[in-house]
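Coordinate analysis (summary)
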Amino acid sequence: MARQRAAVLGVGQTHHRSKRTDVTMAGLCREAIDRALEDAGMTFADIDAVVLGKAPDLFEGVMMPELMLADALGAVGKPLLRVHTAGSVGGSTANVAASLVHGGEHARVLAVAFEKQSESNAMWALSISVPFHMPVGAGAGGYFAPHVRSYIRRSGAPSHIGALVAVKDRRNGAKNQYAHLRQSDITLESVQASAMLWDPIRYDETCPSSDGACAIVLGDEATALGRTAAWLHATAMRTEPTTFAGRDQVNPQAGRDAAAALWRDAGITDPLSQVDVAEIYVPFSWFEPMWLENLGFAEEGQGWKLTEAGETEMGGRLAVNPSGGVLSSNPIGASGMLRFGEAAMQVMGRAGEHQVDGARIALGHAYGGGSQYFSMWVVGSEQP
Amino acid sequence: MTDVAIVSFAQAPNVRATHGTTNGVEMLVPILRTALDQVGLSKKDIGFWCSGSSDYLAGRAFSFISAVDAIGAFPPIHESHVEADAAWALFEAWVKIRTGEADTALVYGFGKSSAGQLRRVMAMQLDPYTVGPLWPDAVSIAGLQARLGLDAGLWTERDMAEVAARSRGANPDAQIHEQVSADELLTRPYFANPLRKHDCAPVTDGASVVVLARTDRAKDLCDRPARITSIQHRVESAHLTTRDLLSSPSTVAAAKAANTDGVTLAELHAPFSHQEILLRQALGLGDEVRINPSGGALAGNPMFAAGLSRIGEAATRIGAGERAVAHATSGPALQQNLVCVLEAD
């Protein structure tokens, strides 16, 4: 039997904050789930299975928290699957939920992703030494800064490109009622005046640490017909090792392979012309031009020119991160799903103040680990 | 929907402790090779990879990322990971083949329990706000469940000892192997009353690998593929005090949905002797069914691989024309259960 069609029917998310001490992990997930079910016009009774994703369990200090969250997730008596693929996990979780529909296993699936960083200390959780690897000891920023420096050297990009991305994403975030950082008054000058954290990455060019959750309701064709839906046109996931001789960490092969498979399966031959909105995982500003190239929106070394020309702003050729992106909200395990969810909201016309006019085709993108895990989907307002 | 079969199974020696790292690479490299060689495939032939493991068992974040080194994942691979027993990774891979996105899949799980104190580590699965701070460890929770069943007359200490005696005598290649009678086991001291040591799965370092293929390809790859007719799994409430701990409703529901009628071989993932009795009742397995010819988890329990190993063991041991059920569990006191039904032509 052929692959079954699948569609997003509802998206929900929490208000993302540095510390959501007003709710437990269960309460945090439930806030996103309740909004997603309402958006889909459904209740728990309509859901056949639940997929939960989050980044390392050490971030909250609970081993396999989906087990203790089974009741809050509405999963009791149903199948519950837990996904963990590093920072890409929110996207991978949505893709796994989609495959349950594509494979004909379930008709309606609830995908949930969360991170409650205030429960623990992410820096501690990430600082446990790995056998046979050089310890980084500088957090994610220290790890990725050399990649950014290498990108600038290779592409010859002018030094203000990163700050341009930060200004755009934070201003977009100001239009998003759920965003953690809402900075409508941010300027190029203020970003460039902020402290240098990991040269060349400045404080205002980094993502925050957030508590937050996202939930997506997916359904099969029979459920989606006649409703407002974001139809899945393609999904893709690729993985490569963290380190090996000759690895290109600036423009990783796994990302290029995933994008090539994604565009092929979605029938897209010219992504820059055919895609209206791209929600790209940009935890540090410079990753916008880097991923624009990795994804095939621009030739290698040319991505920064799209950013500099304002083409990635709302109203540009390709609106990138109208939600405000990871730079405005970063509940790590949910950050990927927020990208996937925003892509769906855009083609469903439900993005409110950050809606891109006439969005019909949108990309959701996430990456994780040492730029080695990639997950993506393309959704459209029409059936594929 | 596309039919899928198990074509290869390999497992690392189940041992009390290995000298390797907690990322599983040293255990995985040889058995990935074995599992592929048995069916004449190379890593380039695998359409989808999926693994199961736990960061908490490994004692650090992202432990599964290093496990990818065991594959040599370049050119990049289509891959996913579950933070659960790899039986759930097999479920994900089975679905992936049925979507038509892959013809073959390789599933692996690994766990180095010797890195910590397993029963304490497992207490980290409990509600961190109200239960976890009391540190009820995994053996103690299982002991409470065993006591409930004893008091309800569902099993006796002799029934439990008979399960343990059969398991310990079943498999000369297992981590635990001894020919011993239930009478003798009943003379041994309590470990966590009413559990004796032999009522509890041993602490094991180990890993296992299963290769899946579409059935139309499977026949070219091995003599007797084990066709997967269904996989079902369910979870129960997290609240121990509100759960029915004596009938495993999640197993009952999964088995009903999977249709386990007519099975004559069962590999059950029961880390405690009374849980095997509970699972046999939940699955409705009669005396005609061979139970755990591998020795089961009581003879070797590599965390996050033991459930996958049950599926692999059942696939390896199934006879022509036979129907088998393999089971995997996760969470405190059988909170989550998976049932996989296999057939061989």
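Description of the overall build of chain B
For chain B, the helix and strand inventory stands at twelve helices and twelve strands. Counting the 345 residues in chain B, one finds 60% classified as buried. Taking all contacts inside chain B whose residues are at least 6 apart in sequence as the whole, residues at least 24 apart take part in 78%.

Considerations on the overall build of chain A
In terms of regular secondary structure, chain A is built from 14 helices and twelve strands. In summary, chain A has a C-alpha radius of gyration of 19 Å against a globular reference of 21 Å for 384 residues, a match within 12%. Taken along its principal axes, the extent of the C-alpha atoms in chain A is 55 × 45 × 45 Å. Burial statistics for chain A: of 384 residues in total, 63% are counted as buried. When contacts within chain A are restricted to residue pairs at least 6 apart in sequence, those whose partners lie at least 24 apart make up 79%.

Some details on the pairing of strand β1 (residues 4-11) of chain B
Residue and element names in this part refer to chain B. Counting buried positions along β1 gives eight out of eight residues, so the element sits mostly inside the fold. Where β1 meets strand β8 (residues 226-235), three bridges bridge the pair, whose relative direction is antiparallel. Counted as the bridge partner of Ala-5 is Arg-227 from β8. Relative to strand β7 (residues 205-214), β1 is paired through seven bridges, and the arrangement is antiparallel. When the sheet's bridge partners are listed, Ile-6 is paired in β7 with Leu-212.

Here's the deal with the domain arrangement of chain B
Residue and element names in this part refer to chain B. The domains assigned to chain B are domain 1 (4-117 + 202-221), domain 2 (120-199) and domain 3 (226-343). Taking only C-alpha atoms, the centre of domain 1 and the centre of domain 2 are 28 Å apart. Each side of the interface is counted separately: domain 1 has eight residues, and domain 2 has six residues. The class makeup of the residues in the side of domain 1 that touches domain 2 is four nonpolar, four polar and no charged.

Comments concerning the interface of chain A and chain B
With 51 residues of chain A at the interface, the matching set in chain B holds 50 residues. For the side of chain A that touches chain B, the secondary-structure elements that each account for two or more residues are α2 (65-68), β3 (80-83), α3 (89-102), β8 (230-239) and α9 (253-266) of chain A. With five residues, α3 of chain A is the largest single contributor of residues to the side of chain A that touches chain B. Among the residues forming the side of chain A that touches chain B, the class breakdown is 28 nonpolar, 14 polar and nine charged.

Topic: the environment of Asp-270 of chain A
Its location among the elements puts Asp-270 of chain A in the loop between α9 and α10 (271-274). C-beta crowding within 10 Å serves as the criterion here: with 10 such atoms nearby, Asp-270 of chain A is assigned to the exposed category.

Topic: helix α10 (residues 249-258) of chain B
Residues and elements named next belong to chain B. Looking at α10, one finds that the buried residues are Ser-250, Thr-251, Ala-253, Ala-254 and Ala-255. In the core, the buried residues of α10 are packed alongside β8, α11 (273-283) and β12 (336-343). Phi turns positive, to about 60 degrees, at Asn-259, one or two residues after α10.

Here we look at the environment of Ser-371 of chain A
Residues and elements named next belong to chain A. Mapped onto the elements, Ser-371 comes out in the loop between β11 (361-368) and β12 (373-380). Judged by local crowding, Ser-371 falls into the buried class, with 25 C-beta atoms found within 10 Å. Along the primary structure Ser-371 and Pro-241 are separated by 130 residues, whereas in three dimensions their C-alpha atoms are 9.4 Å apart. Once residues lying within four places of it in the same chain are set aside, the contact partners of Ser-371 are His-147, Gln-249 and Pro-252.

What to know about the packing of helix α4 (residues 86-98) of chain B against helix α12 (residues 306-317) of chain B
All names here are of chain B. As a packed pair, α4 and α12 sit with axes 6 Å apart at the nearest point and diverge in direction by 60 degrees. In terms of orientation, α4 lies oblique with respect to α12. On α12, the residues that touch Ala-86, Ala-87 and Leu-90 of α4 are Gly-307, Leu-308 and Ile-311. Class assignment of the residues belonging to the contact of α4 with α12 gives a composition of five nonpolar, one polar and no charged.

Examining the packing of α10 of chain B against α11 of chain B
Residue and element names in this part refer to chain B. Where α10 contacts α11, the axes come no closer than 8 Å and their chain directions differ by 40 degrees. Comparing the axis directions of α10 and α11 gives the class oblique. Like other packed secondary-structure pairs, α10 and α11 cross with a definite hand, here right-handed. Touching Thr-251, Val-252 and Ala-255 of α10 are Leu-279, Ala-282 and Leu-283, all from α11. Among the residues making up the contact of α10 with α11, the classes are represented as five nonpolar, one polar and no charged.

Observations concerning unusual backbone geometry
Geometrically, the link from Asp-199 of chain A to Pro-200 of chain A is a cis peptide bond, its omega value of 10 degrees lying close to zero. With respect to the helices and strands, Pro-200 of chain A occurs in the loop between β5 (196-198) and β6 (201-202). For the bond from Asn-193 of chain B to Pro-194 of chain B, the omega torsion is 15 degrees, close enough to zero to count as cis. Turning to its location among the elements, Pro-194 of chain B is positioned in the loop between β5 (190-192) and β6 (195-196). For Phe-62 of chain B, which is not a glycine, the phi torsion comes out positive at approximately 65 degrees. Tracing the chain through its elements places Phe-62 of chain B in the loop between α2 (55-58) and α3 (63-67).

Overview of the pairing of β3 of chain A
All names here are of chain A. Burial along β3 is two-sided: Leu-80 and Arg-82 and Leu-81 and Val-83, pointing in opposite directions, are all buried. Of the pairings in the sheet, the one linking strand β2 (residues 49-53) to β3 comprises four bridges and is parallel in character. Looking at the pairing, Leu-52 lines up with Arg-82 of β3.

A look at the environment of Thr-251 of chain B
All names here are of chain B. Here Thr-251 is to be found in helix α10. Note on Thr-251: 27 C-beta atoms within 10 Å, which makes it buried. Distance in space between the C-alpha atoms of Thr-251 and Ala-328 is 9.6 Å, their sequence separation being 77 residues. Not counting chain neighbours up to four residues away, the residues in contact with Thr-251 comprise Leu-279, Ala-282, Leu-283, Asn-337 and Val-339.

Conventions used here
Residues numbered from 1 in each chain as written. Chains lettered and ligands numbered in written order. Predicted model: local features only at pLDDT ≥ 70, side-chain atom pairs only at ≥ 80, totals over all residues. Helix = DSSP H or I, 4+ residues; strand = E, 2+ residues; numbered from the N terminus. Buried ≥ 20, exposed ≤ 12 C-beta atoms within 10 Å, placed from the backbone. Contact = placed C-beta atoms within 7 Å. Rg over C-alpha atoms; globule rule 2.2 N^0.38 Å. Pairing = 2+ DSSP bridges. Domains from an automatic or database assignment. Nonpolar A, V, L, I, M, F, W, Y, C, P; charged D, E, K, R; others polar. Axes fitted to C-alpha atoms, helices over the stretch in contact; angles between N-to-C directions. Parallel < 35°, antiparallel > 145°, perpendicular 65-115°, else oblique. Left-handed = near helix turned anticlockwise from the far one by under 90°.

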